[in-house]
Amino acid sequence: MRYLQKFVFTLLSLFLVGCGDSDDDGGGGGTASITLNASQITASVYQGDIYEVDVTVNYQGEGVLVGMPKGVNEVPIWLGADKQSITSNQAVFRVYLHGNVDTGVYNSALRFVTAYSNGSVAYKDVLIELTVKEPLVFTVVAGKQNVTLESMISVSDSGPVEGNSTYITYDAFSDWDWLDVEVVNNQYKAKIIKTDLSVGEHVGYIEFLDQNYRFRKVKIVYLVTEPEFNIGNVNKLTINNETIASELNMTIPVTPTSEGVIWNVIDSSSMISVTQNLNNVDVSLEFDLLSQSNGRYQQWIEFEYQYGNRLFPKTRKIEFDVEIDFTDIQQISPYVLYTSDEVTVRVWGNNLMSLTEEDFKAFTPIIQSVNYISDNEVELNIKANTTEQEINFSIENRLDYLRGEAKVVVRHTPVFPVASINLPENPASKVIYDSERERFYFRSYSNWTNLLYEISHDNEQWIVEQIAGESPKGLAIIDNGTQLLTSSVSCSMTKIDLDTKVTEDAPSVTHCGYMDFGFIGQYYTGETVVIDTNQWPSIYNYPNWELATVNYPSVYSPNAILSKNGTHLIWTDSTGISSPRNAYVYDVRNNKFNVLNTNSSYAFYLDSFSISATGERVSFQNRIYNSEAIVIGNVGLNDDVWNRTFVSLDGTLAAHYDFSERKIDIYDIQSDEGAFFTLDLPLVVNEENMFIKEIQFSEDNRYIFVFSSNLNTEKYNMSIYER
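The rules we used
Residues numbered from 1 in each chain as written. Predicted model: local features only at pLDDT ≥ 70, side-chain atom pairs only at ≥ 80, totals over all residues. Heavy atoms only, no water. Pairing = 2+ DSSP bridges. Helix = DSSP H or I, 4+ residues; strand = E, 2+ residues; numbered from the N terminus. Axes fitted to C-alpha atoms, helices over the stretch in contact; angles between N-to-C directions. Buried < 20%, exposed > 50% of the residue type's maximum accessible area, 1.4 Å probe, protein only. Contact = heavy atoms within 4.5 Å. Core = buried A, V, L, I, M, F, W, Y, C linked by side-chain atoms within 4.5 Å. Polar contact = N/O pair within 3.5 Å; in protein donor to acceptor, adjacent residues only side chain to side chain. Salt bridge = Lys/Arg side-chain N within 4 Å of Asp/Glu carboxyl O. Phe/Tyr/Trp six-rings, centres within 6.5 Å; stacked < 30°, edge-to-face > 60°. Lys NZ or Arg CZ within 6 Å of the ring centre and 35° of its normal. pLDDT = per-residue confidence, 0-100.

What follows concerns the sheet that holds strand β33 (residues 439-446). Spatially, β32-β33-β34-β35 is the arrangement adopted by the four strands of the open sheet, whose pairing is antiparallel. Every other strand in the sheet has two partners, leaving β32 (432-434) and β35 (462-467) as the edge strands with one partner each. Strand-to-strand twist in this sheet, taken as the mean axis angle between neighbours without regard to direction, amounts to 30 degrees. Note: strand β34 (residues 449-457) against β35, six bridges, orientation antiparallel.

Structure below.
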C-alpha cells in the first residue's frame, strides 16, 4: 500500500530590520555565527508540481529563524519553508517551491538568522531560482491501431525531479487504467496501455515516492484527435445548353487518414443520388434538377463515421454547388394573338441575348423584328397571318431536355354575344379570363361554402356551369394557360386541366392550421406563389411550399392582384384593419415595392383596384397610376366609396362607374399626365345592377364585361356591351 502525504506549507515571515553581521558583545551569550550547506537553490519543475529541498543550518546562537531579506515585504506565493528538526547547534529547514504559477523563471531569497540576547546577530541568505515549465504532454492521432505510445520522463535514480540529488526514488505509480509506468535503464517511461480511449483530452498523473513516502506528480496529457478525411476537390457543376449527360455525374474521393475508421453515406440532398464505394462516392444529378429555374443550388452529401470505441458516431457533410444556366423561354405575353393583327409580344427567359434574330424567326416566320431589352427580356414584333395555329417556343440543348416551353396561339378575333345574364352566385374573387378558350372563371361564397363557376359561350348565348373543385378559395391560370390551380379553405390544392376539365390533387401544405390560401399567382418567371391571406400573411413558393425569400411588406389579410403577364402585383391591406392602411405595387422584375398613395383609410376592397396586363397602369377608386405607383391623373368627378375604375388589359382605356349617376364612362388614359378624356357614350346601368364588382375589357377593347350585384335583392349579373 502506498501512503500519500499532504503537506501544509507555512512560511515564517520574519522581516528583519537593521540586521547585520555585528560582533558587538552588548550582553551575555557570546558571538552569534551561522553556516549553511547551500548558498543557492535552483529548481526546474512542471507546472502544478512541487520541488522540495532541505537546508541544514549550523549556528551559534539561542535559536534560528527563516524569513525574507531586508526590503522584501511580500512572500512569493510559490515559496514556502518550515522547520523539520533543531538541536542546540544545528537545524534542518525544508524549502518548498510550488509550480502553481504561470510558466517562467522566478527569483527570490530566504534569510536564515541566529542571535544572542546580548544583541549579537548573524545571518546567511540563500538565493532561489525557480523555473516553471509546461506539463508533460503526449499526443497521438486516433486511427493508429494498437497504440503503444511511450515517452521518456526526465527522472533518474538520482531523484524524482531535475537538479535534485537529495532523495532516492525507488517506485512510481499510476491510478489510471489507460496509463502505466515502467523503469527502463534507470529511467521512467510513461506508457499508454489502452487503445480504445474516446476522442478528446485524457489527463492522468504518475506519482514518484521516495523512501520516506514523500512524493511528487508528473502530469500526463494524452490527446486523442478525431480522424480526418482526404476529400478530393469538389468543383461547382455548371449545366448549360452545351452540357452532355455524362457531365451530370462525378466521383468524389473520400479517404480517412486513420486506419479502422468506418464511414457510411446516410443522406443527401434531393437533387442528387449517390453510390458509396470503398474510397469514393459516385454522384449523379437527378434529371428533375433540370426543371429548376436558372440559379445556383447547394447540394450536399452527409456521411457518418466511427472509430472503434474511441468515438461516438459523428457526421460530416460534403457540400458543392450546381449552377443551372440554360438559355430558355419562361413566358410569352400576350400569348393569344388574333389573325391579321400586328402586335408587340414580350418574351421573358434566360440568356436570351445568346439567341439571334434568326433564332427567334426559326420559331415562326410571322416574327417581323426582335428588340433586345435585356438578357431576360425581348420584344417581338409579330404580324399574325390569317390562319389559326399554335406556335411552340423552346430552346434545344444537348441533354434533349425541354426547357421553358412556351407557346403562341393565333385565333380569329372573338365575337361575343351581347347580352345580360344572371349569375347563380355573387363573385367573391376577381373574375379570371381564359383568352385561349374565351371563358371566365370565378369563385363564389354563400352559406359558408365556396363554389367554382365557369362562364363560356357558343357564339350565340352564354353558359354558366359549376365545375369541380373542393371549396375553392384562391384560383389562377398557370403553366402557359394549360391549368387552373385552386386552393381550398382546408389548404388542399387542385389542378384542373383547362382542355379536358380533368381534376387532380396537387401538392398541398402539410401544416395547414389557421391558414387561408386566398391568393394564387404565377409570376412571369414561372414561379408560382400561394399566399395565406388570413390576418398576417405567409407567402409560399409552390409546389415546394418553401417560404418566399422576398421581403413582402407587412399588411393585414392582404388583397393581392397580379397583372396578366405576371410582372406586377398589387399588395394591400384589407378593409377590416384599422386605418391607416397601406398599398403597394410590387415590380417582380426588379424585386421592388412602390408605395401606392391612395389617400384613403377605409375603402380597401378587392374590387377597388385594377391593373393592366403589363402593370403599366393601375387604378384605385377614381385615380390612375403608372407602374411606379405614381398618380398620373383622375377620372370621374368624385371618389365616392361605391365608385369603381378598371383599366383595360393594354392600359390604354379605363372604365369608370359613377355610382350616383348609374353610368359607366370610358376614358383614354394613354397620356402620362391627366386630364383624361372620355370616349364613346356612357353606358347606363340599371337599378338591378347598381353595385359594380368588376369591369373587364376584351383584349381588343371591343367589348366590355360588367359584373354586378344588388345587395338588396341578392341578384347577380354579367352584362356584355359592345363599343
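Turning our eyes to something else, we now look at the pairing of strand β31 (residues 420-423). The alternating pattern of β31 places Ile-421 and Leu-423 on a buried face and Ser-420 and Asn-422 on a face that is not buried. Two strands pair when backbone bridges link them, and β31 and strand β58 (residues 715-722) are joined in this way by four bridges, in the antiparallel orientation. The partner of Ile-421 across the bridge, within β58, is Met-718.

Quick look at the sheet that holds strand β29 (residues 389-395) now. Judged by pairing direction, the sheet is mixed, and its three strands sit side by side in the order β25-β30-β29 without closing on themselves. In this open sheet, the two strands that pair with only one neighbour each are β25 (336-338) and β29. In this sheet, adjacent strand axes meet at a mean angle of 25 degrees when their direction is disregarded. Bridge count between β29 and strand β30 (residues 403-411): six bridges; the pairing is antiparallel. By the bridge assignment for β30, Ile-395 is matched with Arg-403.

Neither face of strand β44 (residues 559-562) is open: one carries Asn-559 and Ile-561, the other Ala-560 and Leu-562, and all of them are buried. In this sheet, strand β45 (residues 568-572) lies alongside β44 in antiparallel orientation, the contact comprising four bridges. Residue Leu-562 lies in a different strand from β45, and its bridge partner there is Leu-569.

This part takes up the environment of Ile-478. Note that Ile-478 resides in strand β36 (residues 472-478). With 50 residues separating them in the primary sequence, Ile-478 and Thr-528 have C-alpha atoms 8.0 Å apart. Ile-478 has contacts with Gln-483, Leu-485, Lys-495, Gln-522 and Thr-528, leaving out every residue within four places of it along the chain.

Here we take up the nonpolar core. The tendency in soluble globular proteins is for nonpolar side chains to be buried as a group. Ranked by internal contacts, the top residues of the largest apolar core, which has 29 residues, are Ile-41, Val-95, Leu-97, Leu-110 and Phe-112. Those elements that place two or more of their residues in this core are β2 (40-46), β3 (50-60), β4 (64-67), β5 (79-86), β6 (90-98), β7 (104-115) and β8 (121-133). With near-sequence residues (within four places) excluded, Ile-41 lies in contact with Tyr-51, Val-53, Val-55, Val-95, Leu-97, Val-126, Leu-127, Ile-128 and Glu-129. If you look at the next biggest cluster of nonpolar residues, it comprises 28 residues, including Ile-272, Leu-289, Val-322 and Phe-326.

In this chain, Ser-333 is followed by Pro-334 through a cis amide linkage whose omega measures -5 degrees. Tracing the chain through its elements places Pro-334 in the loop between β24 (328-333) and β25. The omega torsion across Tyr-542 and Pro-543 is 10 degrees, close enough to zero to call that bond cis. Although it is not a glycine, Ala-629 adopts a positive phi angle of roughly 65 degrees. The backbone of Asp-680 shows a phi angle near 60 degrees, a positive value even though the residue is not glycine. Secondary-structure assignment places Asp-680 in strand β55 (residues 677-684). With a relative accessible area of 45%, Asp-680 lands in the partly exposed category.

So, about the side chain of Ser-619. In this fold, Ser-619 is placed in strand β49 (residues 617-620). Here Ser-619 falls in the buried class, since its relative accessible area comes to 0%. For Ser-619, the side chain forms a polar contact with the side chain of Ser-610, separated by 2.5 Å. Only 2.7 Å separates the side chain of Ser-619 from the backbone oxygen of Thr-645, close enough to count as a polar contact.

A complete count under the given rule lists 23 salt bridges for this structure. Between Lys-592 and Glu-628 there is a salt bridge, and its shortest N-O distance comes to 3.9 Å. With Lys-592 in strand β47 (residues 592-595) and Glu-628 in the loop between β50 (623-626) and β51 (631-634), this pair connects stretches of sequence that are 36 residues apart. By relative accessible area, Glu-628 is classed as partly exposed at 35%. Close ionic contact of Asp-680 with Arg-723 constitutes a salt bridge, the shortest N to O distance being 2.7 Å. Residue Asp-680 is located in strand β55, and its partner Arg-723 is located in the segment after β58; the two are separated by 43 residues in the primary sequence. A relative accessible area of 40% means that Arg-723 is categorised as partly exposed.

A full pass over the atoms with the stated rule returns 36 aromatic pairs. With a centroid separation of 6.3 Å and an interplanar angle of 45 degrees, the aromatic rings of Phe-440 and Trp-462 are classed as tilted. Taken together, the residues Phe-440 in strand β33 and Trp-462 in strand β35 connect sequence positions 22 residues apart. Residue class for Phe-440 comes out buried when judged on its relative accessible area of 0%. Exposure remark for Trp-462: the relative accessible area of 9% places this residue in the buried category. On the numbers, 5.2 Å between centres and 70 degrees between planes, the contact of Trp-642 with Phe-691 is edge-to-face. Taken together, the residues Trp-642 in the loop between β51 and β52 (644-647) and Phe-691 in strand β56 (residues 691-697) connect sequence positions 49 residues apart. Residue class for Phe-691 comes out buried when judged on its relative accessible area of 13%. Here the aromatic residues Phe-416, Tyr-433, Phe-440, Trp-462, Tyr-703, Phe-705 and Phe-707 are joined through ring pairs into a cluster of three or more. It is Arg-111 that lies over the ring of Tyr-123; its NZ or CZ is 3.9 Å from the centre.

In this section: the confidence of the model for the protein chain. Model confidence for the protein chain is summarised by a mean pLDDT of 82, while 86% of its residues fall at 70 or above. This stretch, residues 1-27, has a pLDDT under 50; its non-local contacts, to residues over four places away or in other chains, come to 58 contacts. Contacts for the low-pLDDT stretch residues 140-150, under 50 throughout, to residues beyond four places or in other chains number 36 contacts.

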